[in-house]
Amino acid sequence: MTVTEAGGLHAWLMSDRPASRRQAALGRAYGAWRTFARNRLAMLGLLIVLLLVGVALFANQLAPFSPFEGDLRTTRLLPPSGQFWLGTDDQGRDILSRLIFGSRITLFVVFLVAVLAAPIGLLVGTVAGYAGGLVDAALMRITDIFLAFPRLILALAFVAALGPGIENAVIAIAITSWPAYARLARAETLTIRQTDYIAAVQLIGASPWRIVFRHIMPLCVSSVIVRVTLDMAGIILTAAGLGFLGLGAQPPSPEWGAMIANGRQYVLDQWWVAAAPGAAIFLISLAFNLLGDGLRDALDPKGVK
């Protein structure tokens, strides 16, 4: 693409008077990307998250050793070295390999919680905000009940009822995560339903469900996406907390919280056993926070230029 063509494409995308809905949508996406790309910390967060995805996808090729097998006689609790970059644990297993395979569990939890919790919260919030009255009161009181308990305590209660395991941990975290998204979607809906745009849709005979699904939900999605991204750090910490307590992924799965729990008894002498997974949790949580901050600025309609 030549400089002239690039300049023409930029002008077409940033036009104040788009000729089609497609041009308008592409222009908004391009403007949001420009705003996001100017935030260096957000780009750093995106790079770390993409690196995590790449590590999870190619874990079999990247891991130098098996994450499940070790040699108790020769490789137990070895410090970081040229052979074992992050040392070994009490079972003689390579910690780096376990961290690499553990990234799959982290992404599994993050993805499933986002897929389960965000749509539920979006649906509950938009329906409550648009319907009002008894429906709004009933749905928001249910939401308040879930918000009254700390997330980790409520997740512990659900996992205790469902039984330990990564799948049950995901369900428990999703159940405790949706109320925040419902509150956010309701607040957005209360503003949107008063606009002339929604009044015009009502005048042409659109049903309430069509208005909610086709006209209100799409306008709330960007705010929910930002909130989900910012909540990823909390989701990762909750999953690690459940793993630390033995209620998440079960041994010998290389879940980062369980790895910290396994290394706590060696924290004074063999510090690397617990420090490595702790550093991984810190880094990924920080990356999602930086990414969420960048998305919040980029998806703000007043800030896109």
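Residues numbered from 1 in each chain as written. Predicted model: local features only at pLDDT ≥ 70, side-chain atom pairs only at ≥ 80, totals over all residues. Heavy atoms only, no water.

1. Re unusual backbone geometry
Turning to step 1, where the next piece is worked out: With an omega of 5°, the peptide bond between P251 and P252 qualifies as cis.
Turning to step 2, where the next piece is worked out: Inspection of the secondary structure assignment puts P252 in the loop between α10 (208–244) and α11 (256–263).
Turning to step 3, where the next piece is worked out: Of note in this structure, L77 is not a glycine but carries a positive phi near 55°.
Turning to step 4, where the next piece is worked out: Mapped onto the elements, L77 comes out in the loop between α4 (59–62) and α5 (95–131).
Turning to step 5, where the next piece is worked out: Assessed through its relative accessible area of 13%, L77 is described here as buried. (Helix = DSSP H or I, 4+ residues; strand = E, 2+ residues; numbered from the N terminus. Buried < 20%, exposed > 50% of the residue type's maximum accessible area, 1.4 Å probe, protein only.)

2. Concerning the nonpolar core
Turning to step 1, where the next piece is worked out: Ranked by internal contacts, the top residues of the largest apolar core, which has 67 residues, are V109, W256 and F288.
Turning to step 2, where the next piece is worked out: For this core, the leading source of residues is α5, giving 15 residues.
Turning to step 3, where the next piece is worked out: The residues touching V109, leaving out its near neighbours within four places in the chain, are I166, V170, I173, I235 and A239.
Turning to step 4, where the next piece is worked out: Core analysis: the second largest hydrophobic core is formed by 6 residues, V55, A59, A63 and I100 among them. (Core = buried A, V, L, I, M, F, W, Y, C linked by side-chain atoms within 4.5 Å. Contact = heavy atoms within 4.5 Å.)

3. With respect to the layout of surface pockets
Turning to step 1, where the next piece is worked out: Empty space within the second largest pocket amounts to approximately 330 Å³.
Turning to step 2, where the next piece is worked out: For the second largest pocket, the lining is made up of 15 residues, of which L52, V55, W256, A280 and L283 are closest to its centre.
Turning to step 3, where the next piece is worked out: Those elements that provide at least two residues to the lining of the second largest pocket are α3 (40–57), α5 and α12 (272–298).
Turning to step 4, where the next piece is worked out: Broken down by element, the residue count for the lining of the second largest pocket peaks at 5 residues, all from α12. (1 Å grid on protein atoms, 1.4 Å probe; cavity = no way out; pocket = protein on both sides within 12 Å on 5 of 7 lines; lining within 4 Å. Points joined across faces, edges and corners; volume = space filled by probe spheres on them.)

In short, the description is geometric, and any link to function would need to be established separately.
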